[in-house]
Amino acid sequence: MVHNGIIENYMEIKEFLVSQGVRFRSETDTEVVAQLLAYYYGKTGDMMSAVYRVLDRIEGAYALGILSADMPDSFIAARKDAPLLLGYGEGCSFIASDVTAIIKHTRDISYMEDGEVALVKAGAITVFDALGRQMEKEHSFVDWDVSAAEKGGYAHFMFKEIMEQPEAVRKTISPRIKEGRVAFEELKLEPDYIRGLKKIFIVACGSSYHVGVVGKYNLERLLRRPVDVMLASEFRYADPLVDEDTLVIVISQSGETLDTMAALRMAKSLGARILSIVNVVGSSIARESDDVLYTWAGPEIAVATTKAYSTQLVLLNMLGLYFGDLMGSVSPAEYSDIVWELLDLPAKMERVLENTEEIKYLASRYFNHNSIFFIGRHLDYALGLEGSLKLKEISYIHCEAYASGELKHGTISLIENGTLVVALCTYAPLFEKSLSNIVEVKARGADIVALTTNSRSRELSKTVENILSIPDTHMLLQPSLGVVPLQLFAYYVALHRGCDIDKPRNLAKSVTVE
Ligand code: AGP
C-alpha cells in the first residue's frame, strides 16, 4: 500500500485490529489501513468491497495505491482530501499525486475526486463512485513541455524558477491586458456583483498568505472596501464574518493545500462566492471554486515557491485594478499608470536578475548568522514576511519579519551587536520612517542590509553601507521587484550552508495534511 496523507483515527482502528489478533510490524497509520483491508478482505473475499469498507471506516486525508498478490494484473486507487490523478498510456496506466511524476509517459490524465475508487489495469482504468457505481471520467491533456519539469542546466530548480520569473509574470499578465485594459475573460463574476461587493476575504497559507497580506494593503487602497486576510489554518477554526455578500479569494500554488481547501469549503458553506488564484490546472481547489484565475508560472518544482508567488502577486494586483475600475474607485490616470508599470515589470525583473553580485557578496558575509530580522512598514512588512520565510525554509536560519514601527514595543530588546537586520525601504511614502527605524537598530549594534529603490539609494547610502537596490515602479507593485533580491539572498545563503535547496528538510511542495 502506498499512502500520502494522514489517517486521523488510526489508533482506534489499530486497537480494534489488535483485539482481533492482528500483529503489527510498524507504528505507521499506513500499515493500519493495509491491515484493516486484509481484515475485511479475509471476511469478504472480494478486494473492491473490502476497499469500500475500509474507506467507510478510516477518517483523515489520503491518496492510496493498493496492490495485492491476489490481483497480479491490477491495482486499486482511492483518494480523499489529497491529490491523486490517473494517467492513460499506450498499454499502460499510472496513478500519481502530481503531473510532473508521469508527464514523461503520458499527457492524457484525469483527476480523481474524493470518494472515487479506480481499478487500474495495464491500458485500462475503470472508475467507480463512492457508491460503487461505474462512472466516466473527464480527461485532460497536459500541454506543457517536459523540459519545463527539468532543471535546464541550472544547479537547482529553485534558481531556475527564480530566473523564470520575468517570463512567468509576462505569461500571466499579457493575455489579460488588451489595449491598456485589464480583462479577465475567464471570470464568471458579474460586473453588478463586483460593484455591489461589500467585503473581500483572502485566505491562504505560507507564501500564498504573504501575497494576501500585500493584497489587503493594495485592494483596500484601490477599492476602498474592507479586505480581510487570514491564514487558512486559522480561518477554518475561527468564526469569520463571511456571508453571501463576501467574496473569498483563495490563493494556492498547488491547489491542494489541505488547510486552504478546508477554508474554501467552510467559506462556501457560509454562502460566500469563491474565487481562487491557482497555478496547477485542474487541482482540487480550482475545481471546487466558483471562479479560478490561473497563474501561468508553469510547473514549480522547488519546495520554496518563487515564480508562483510572483505571478500570484501580479494577478491579485490586476484583480484590484479590474474591480476598482468597475467600482469607480480607481482614477483613470492611476489605472493606466499601474497597467503601464505592470507591463514593464518583467523587464525590470530582468534588470534585477542581471545584478546579483552584491547579493552574492552579502550572502557570503552573513550565511553564518543564526538570527536575522526582516523589518519594514506597510508593503515592506508584507515583503519581509516572504523574505523571512524564503530564508528560513531553505537555510534553516531562524528569521523573523517584524513591522518596523512595532519593534519598540518589545522585540528591539533582541537587537544586539552583530544582529543582522534586513531593512526594507521600498515603500516610498514611508521611506523616512523606515530610515529612522534603521538608525534605531543600528544604534543598538545591528548589522544592516537595506533594500530600497534606485531613486532612494544615494540618500540611504549616507546611513547604510550594505544596500540592495531595485528599479522604481508604482508603489503598489514594488514588492514584485523587492522579492527577487530576497529570494536570491536566501538561495545563496543556503548554498553556502550546504542545504538541500530544492527539497528542504521536513517540508513538502504540497501540504496535504493538517
Ligand atoms: C513557500 O515557499 C512554502 N513552500 C509554503 O509556505 C507554501 O507557500 C504553502 O505551503 C502554501 O502552498 P500553496 O500555495 O500550494 O497552497
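Preceding this section is the structure that the text describes.
Residues numbered from 1 in each chain as written. Predicted model: local features only at pLDDT ≥ 70, side-chain atom pairs only at ≥ 80, totals over all residues. Heavy atoms only, no water.

(A) Seen up close, the environment of A347. Summarising the element assignment, A347 is placed in helix α12 (residues 332-354). For A347, a relative accessible area of 32% gives the class partly exposed. Along the sequence, A347 and I372 sit 25 residues apart, while their C-alpha atoms lie 31 Å from each other. (Helix = DSSP H or I, 4+ residues; strand = E, 2+ residues; numbered from the N terminus. Buried < 20%, exposed > 50% of the residue type's maximum accessible area, 1.4 Å probe, protein only.)

(B) Geometry of helix α3 (residues 47-57). Buried residues of α3: M47, M48, A50, V51, Y52, V54 and L55, and no others. At its buried positions, α3 is contacted by α2 (29-44), β2 (60-66), β3 (74-80), β7 (117-121) and β8 (124-128). At the N-terminal boundary of α3, the capping side chain belongs to D46, with an oxygen 3.4 Å from the backbone nitrogen of M48. (Contact = heavy atoms within 4.5 Å. Polar contact = N/O pair within 3.5 Å; in protein donor to acceptor, adjacent residues only side chain to side chain.)

(C) Quick peek at the site of the ligand. The full set close to the ligand counts 15 residues, and S208, S252, S254, T257 and E393 are the nearest of them. A distance of 2.7 Å separates an oxygen atom of the ligand from a polar atom in the side chain of S254. One of the backbone nitrogen or oxygen atoms of V303 is found 2.8 Å away from a nitrogen atom of the ligand. Taking 410 Å² as the accessible area of the ligand by itself, protein coverage stands at 91%. Contributing elements (two or more residues each) for the shell around the ligand: α7 (206-223) and α14 (379-395). (Near = heavy atom within 4 Å. Areas by Shrake-Rupley, 256 points an atom, 1.4 Å probe, with all protein chains shown as cover.)

(D) Geometry of the pattern of salt bridges. Taken as a whole and assessed by the stated rule, the structure comprises 34 salt bridges. Residue D81 is joined to R265 by a salt bridge in which the shortest nitrogen-to-oxygen separation is 2.7 Å. Of this pair, D81 sits in the loop between β3 and β4 (85-88) while R265 is found in helix α9 (residues 258-269), placing the two residues 184 residues apart along the sequence. Its relative accessible area of 16% is what places D81 among the buried residues. Linked by salt bridges that have partners in common, R79, K80, D81, D114, R265 and E288 make up one network. (Salt bridge = Lys/Arg side-chain N within 4 Å of Asp/Glu carboxyl O.)

(E) Region of the structure containing the packing of helix α5 (residues 165-173) against α12. Close contact between α5 and α12 brings their axes to 8 Å; oriented N to C, the two are set at 175°. The angle between the axes of α5 and α12 places the two elements in the roughly antiparallel class. Between α5, through Q165, P166, V169, R170 and I173, and α12, the contact on the second element is made entirely by L342, L343, P346, A347, M349, E350 and L353. For the contact of α5 with α12, the class distribution of residues is nine nonpolar, one polar and two charged. (Axes fitted to C-alpha atoms, helices over the stretch in contact; angles between N-to-C directions. Parallel < 35°, antiparallel > 145°, perpendicular 65-115°, else oblique. Nonpolar A, V, L, I, M, F, W, Y, C, P; charged D, E, K, R; others polar.)

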